[in-house]
Amino acid sequence: MAPLLKVEHITKDYPAGTAAICHALKNINFEIQPGEFIGVMGASGAGKTTLLNLLATLDQPTNGQIFFNQQALTTLKGRSLAQFRAQQISFIFQDFKLLDRLTVAENIALPLRLQAFTNQQITVAVAKIACQLGLTSLLKIMPTALSNGQQQQVAIARALVHQPALLFGDEPTGALDSGSARALLETLVTLNQKTQISILLTTHDPLAASYCQRIFYLKDGRIIQQLTRQHRTRAEFYQAIVQLLAQVE
Ligand SMILES: Nc1ncnc2c1ncn2[C@@H]1O[C@H](COP(=O)(O)OP(=O)(O)OP(=O)(O)O)[C@@H](O)[C@H]1O
Ligand SMILES: [Mg+2]
C-alpha cells in the first residue's frame, strides 16, 4: 500500500538570537500508512510541535520533503494548498479552540461552512457526527456551558465532520482530567477503527501514547526510538512505553 505520508530527510532550523541557529528537527524520516494511529513523544523542546506543524503545512521544512499520497507538499500552492488544508487534514488542540459565540452545532459545522456545502448537507453531516460522539443533546448549547471533556468531544466532532484523511492533535489531552482524557482517547480509537482516518498526536503522557499503534520518540530534534504496539494489550504497551521513557529521559 502506498503510504499516506512519507517524510524524507526533514530538517527545521529556526533563528535563535544573534547569529545562532536552533536545529529543531534533524534528518527525520518515516512513513505513515493510511489508517495508522501514531503518537509522537519527547521532552519539552524535543521538536514535537515543530514536526506536527510541518506535516500540517503550517510551516515549511528547511530541508527535505514531505509527500502526502505521493505528492510533495511543497508543490501545493494557492488553491490546491487551500483545498488540501480544507479537505484532507484536521486539528484538535489542547485548548479546544471552540468559538464561544457559536452553538455546539455551529462550531461543528465550521469546516463545512468554509466549503460549498448546502445548509441541508451541513445539518445532516453535523447530526451524523454528533450522534456518533453522543453529542446530539448538546447541539443547541453554547460551548462555555460544557465541561472540558465535552468541549474536547465537540472539537473532535468539528475536526471530523468533513471526513478528512488525517487528524493532527498537539497534546489534545493536556488540559483534561484523566477520566476525560481516557474518554477522548477511546473516542479516537473507535473513530480510527470505524472510519480508517489516520491520526497523529503529540503527547508527554504514556497513558495517552498507549492508545496509539506506533510511537516515535523525539530527542533534540531526532527520532531516537520507535515502538509498535503489535499484539500487546494496551496495558502491556503502556508498560513498554514507561520502560522506554525510563531509558531515554
Ligand atoms: N518559532 C520559533 N522560533 C524559534 N525557535 C523555535 C520556534 N518554535 C520552536 N522553536 C524551538 O524549536 C525547538 C523545538 O520546539 P517545539 O515547540 O517543537 O518542541 P515541543 O517538543 O513541541 O515542546 P513542548 O513539549 O514544550 O510543546 C525548541 O528548542 C524551541 O525553542
Ligand atoms: Mg509542543
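Residues numbered from 1 in each chain as written. Chains lettered and ligands numbered in written order. Predicted model: local features only at pLDDT ≥ 70, side-chain atom pairs only at ≥ 80, totals over all residues. Heavy atoms only, no water.

Student: I keep staring at the overall build of the protein and nothing clicks. Help me out?
Tutor: Helix and strand counts for the protein come out as eight helices and ten strands. Here the protein has a C-alpha radius of gyration of 18 Å; the compact-globule value for 249 residues is 18 Å, and the two agree. Sorting the 249 residues of the protein into buried and exposed places 49% on the buried side. Taking the intrachain contacts of the protein between residues at least 6 apart in sequence as the baseline, contacts between residues at least 24 apart amount to 72%. Carbon and sulfur atoms make up 51% of the accessible area of the protein, which totals about 12,300 Å². In the protein, the 21 positive side-chain charges and the 16 negative ones have mean positions that sit 6 Å from each other. (Helix = DSSP H or I, 4+ residues; strand = E, 2+ residues; numbered from the N terminus. Rg over C-alpha atoms; globule rule 2.2 N^0.38 Å. Buried < 20%, exposed > 50% of the residue type's maximum accessible area, 1.4 Å probe, protein only. Contact = heavy atoms within 4.5 Å. Areas by Shrake-Rupley, 256 points an atom, 1.4 Å probe, with all protein chains shown as cover. Lys, Arg positive; Asp, Glu negative; His and termini not counted. Charge placed at Lys NZ, Arg CZ, Asp CG, Glu CD.)

Student: Can you help me understand the site of ligand 1 in this one?
Tutor: Surrounding ligand 1, one finds 14 residues, the nearest of these being Ser-44, Gly-45, Lys-48, Thr-49 and Thr-50. Gly-45 places a polar main-chain atom, nitrogen or oxygen, 2.8 Å from an oxygen atom of ligand 1. At a separation of 2.8 Å, an oxygen atom of ligand 1 approaches a polar side-chain atom of Thr-49. Coverage of ligand 1 by the protein chains reaches 60% of its 630 Å² of free accessible surface. Secondary structure elements with two or more residues in the shell around ligand 1: strand 1 (5–15), strand 2 (21–32) and helix 1 (48–55). When residues of the shell around ligand 1 are assigned to their parent elements, the largest contribution, three residues, is made by helix 1. (Near = heavy atom within 4 Å. Polar contact = N/O pair within 3.5 Å; in protein donor to acceptor, adjacent residues only side chain to side chain.)

Student: Even after reading the chapter, I still don't get the nonpolar core, so can you show me in this structure?
Tutor: The tendency in soluble globular proteins is for nonpolar side chains to be buried side by side. In this structure, Ile-108, Ile-156, Leu-167, Leu-188, Ile-215 and Ile-241 are the most contacted members of the largest nonpolar core, which totals 51 residues. Ignoring sequence-local partners within four residues, the contact set of Ile-156 consists of Ile-92, Leu-133, Leu-184, Thr-187, Leu-188 and Leu-191. (Core = buried A, V, L, I, M, F, W, Y, C linked by side-chain atoms within 4.5 Å.)

Student: Is there a simple way to think about the pairing of strand 3 (residues 37–41) in this case?
Tutor: On any regular strand, side chains alternate: one points to one face of the sheet, the next to the other face. The buried fraction of strand 3 is high, at five of five residues. Judged by which residues are buried, strand 3 turns out to be covered on both faces: Phe-37, Gly-39 and Met-41 on one side and Ile-38 and Val-40 on the other are all buried. Sheet topology note: the strand 3/strand 9 (residues 214–219) ladder contains four bridges and is parallel. Counterpart to Ile-38 in the pairing with strand 9 is Arg-214. (Pairing = 2+ DSSP bridges.)

Student: Is there a simple way to think about the sheet that holds strand 2 in this case?
Tutor: Within a sheet, each strand pairs with its neighbour through backbone hydrogen bonds, oriented either parallel or antiparallel. Ordered in space as 2-1-4-5, the four strands form an open sheet in which the pairing is antiparallel. One side of each edge strand has no neighbouring strand; the edge strands of this open sheet are strand 2 and strand 5 (71–72). Bridge analysis of strand 4 (residues 63–68) against strand 5 gives two bridges, and the strand direction is antiparallel. Residue Phe-67 lies in a different strand from strand 5, and its bridge partner there is Ala-72. On top of the sheet, helix 1 reaches strand 1, strand 2 and strand 4; it is set at about 60° to strand 2, its chief contact. (Axes fitted to C-alpha atoms, helices over the stretch in contact; angles between N-to-C directions.)

Student: Sorry if this is basic, but what is going on with the sheet that holds strand 10 (residues 222–228) here?
Tutor: Strand order in the open sheet formed by six strands is 6-7-8-3-9-10, and the pairing between neighbours is mixed. A single partner strand is all that each edge strand has here, and the edge strands are strand 6 (89–93) and strand 10. Shown here is a sheet whose adjacent strand axes are inclined to one another by a mean of 20°, direction ignored. Relative to the sheet, helix 5 (residues 148–160) contacts strand 6 and strand 7 (166–170), its axis offset from that of strand 6 by approximately 170°.

Student: Help me out: how do you make sense of the pattern of salt bridges in this one?
Tutor: Think of it this way: side chains of opposite charge can pair up when their charged atoms draw near. Inspection of the entire model under this criterion finds five salt bridges. Between Lys-6 and Glu-8 there is a salt bridge, with its nearest N and O atoms 3.4 Å apart. Accessibility expressed as a relative area gives 29% for Lys-6, which makes it partly exposed. (Salt bridge = Lys/Arg side-chain N within 4 Å of Asp/Glu carboxyl O.)

Student: What is the right way to read the UniProt feature "domain: ABC transporter" (unreviewed entry) in the protein from this model?
Tutor: Following the UniProt record, the feature "domain: ABC transporter" (unreviewed entry) maps to residues 5–245 here. What you have in residues 5–245 is 37% helix and 27% strand, and the ends, taken at the C-alpha atoms, are 26 Å apart. (UniProt positions renumbered as here; feature names shortened; annotations may be inferred.)

Student: Which parts of the structure should I look at to understand the environment of Ala-240?
Tutor: As for its position among the elements, Ala-240 is in helix 8 (residues 234–248). The class for Ala-240 is buried, based on a relative accessible area of 14%. With 13 residues separating them in the primary sequence, Ala-240 and Leu-227 have C-alpha atoms 8.3 Å apart. Apart from residues lying up to four places away in sequence, Ala-240 is in contact with Leu-227 and Arg-232.

Student: Before we go on, may I ask you to explain the environment of Ala-2 in this structure?
Tutor: Structurally, Ala-2 is set in the segment before strand 1. In this structure the C-alpha to C-alpha distance between Ala-2 and Gln-70, which are 68 residues apart in sequence, comes to 7.6 Å. The residues contacting Ala-2, other than those within four sequence positions of it, are Gln-33, Pro-34 and Gln-70.

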